[in-house]
Amino acid sequence: MRKGEYRILFCTTILERGVTFDHISVIIMGANHNIFSKSVLVQIAGRVDRKGAYHYGQVLFFYNQQTQAIGEACDEIKRMNRLAKESLFV
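Looking at an unreviewed UniProt entry, one finds the protein chain named Putative ATPase, with Tetragenococcus muriaticus PMC-11-5 as its source organism.

A. Broad picture of the nonpolar core. Residues Val26, Ile28, Ala31, Phe36, Leu41, Ile44 and Phe61 are the most contacted members of the largest nonpolar core, which totals 18 residues. Among the elements of the structure, strand E1 (26-28), helix H1 (38-45) and helix H2 (68-88) are those that each provide at least two residues to this core. Leave out the neighbours within four places in its chain, and Val26 touches Leu15, Ile44, Val48, Gln58, Val59 and Leu60.

B. Representation of the environment of Gln65 in the model. Relative to the elements of secondary structure, Gln65 occurs in the loop between strand E2 (59-61) and H2. For Gln65, a relative accessible area of 56% corresponds to the exposed category. Sequence separation between Gln65 and Met1 is 64 residues, and the spatial gap between their C-alpha atoms is 31 Å. Leave out the neighbours within four places in its chain, and Gln65 touches Asn32 and Ile70.

C. Seen up close, H1. Of all the residues in H1, the buried ones are Val40, Leu41, Val42, Ile44 and Ala45. Elements that come into contact with the buried residues of H1 comprise E1, E2 and H2.

D. Seen up close, the side chain of Glu76. Within the secondary structure, Glu76 is located in helix H2. Side-chain polar atoms of Glu76 contact the side chain of Lys38, separated by 2.8 Å. Beyond its immediate sequence surroundings of up to four residues, Glu76 is in contact with Lys38 and Val42.

E. Structural view of the packing of H1 against H2. At their nearest, the axes of H1 and H2 sit 8 Å apart, and the two run at 40° to each other. Relative to H2, the element H1 is oriented oblique. Every pair of crossing elements has a handedness; the one defined by H1 and H2 is right-handed. Every residue of H2 that contacts H1 at Lys38, Leu41, Val42 and Ala45 is listed here: Ala69, Ile70, Glu72, Ala73, Glu76, Ile77 and Met80.

F. Region of interest: the pattern of salt bridges. Scanning the entire structure with this criterion turns up one salt bridge. Its salt-bridge partner being Glu76, residue Lys38 comes within 2.8 Å of it at the nearest N-O pair. Of this pair, Lys38 sits in helix H1 while Glu76 is found in helix H2, placing the two residues 38 residues apart along the sequence.

Calculation criteria
- Residues numbered from 1 in each chain as written.
- Predicted model: local features only at pLDDT ≥ 70, side-chain atom pairs only at ≥ 80, totals over all residues.
- Heavy atoms only, no water.
- Core = buried A, V, L, I, M, F, W, Y, C linked by side-chain atoms within 4.5 Å.
- Buried < 20%, exposed > 50% of the residue type's maximum accessible area, 1.4 Å probe, protein only.
- Helix = DSSP H or I, 4+ residues; strand = E, 2+ residues; numbered from the N terminus.
- Contact = heavy atoms within 4.5 Å.
- Polar contact = N/O pair within 3.5 Å; in protein donor to acceptor, adjacent residues only side chain to side chain.
- Axes fitted to C-alpha atoms, helices over the stretch in contact; angles between N-to-C directions.
- Parallel < 35°, antiparallel > 145°, perpendicular 65-115°, else oblique.
- Left-handed = near helix turned anticlockwise from the far one by under 90°.
- Salt bridge = Lys/Arg side-chain N within 4 Å of Asp/Glu carboxyl O.

If you want it as structure tokens, here you go:
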């Protein structure tokens, strides 16, 4: 993956633990599973486009029933993105 030989990475919640790649988007399958707390979802989302100049990555939650954790994670991610944009212009 680090050599750029793969375009897709399937993994467990290990992605929340500081693994960083550039030019990636993230899809969380079964995001409504109870293993995905708000903080886990936010941490995984934080892996998207952490390096380089590419800033068009997406985070997609796939689920069959929205949970409180998903709603809260989405709210926090949006809030943090707004703060990040505001700090660019200060």
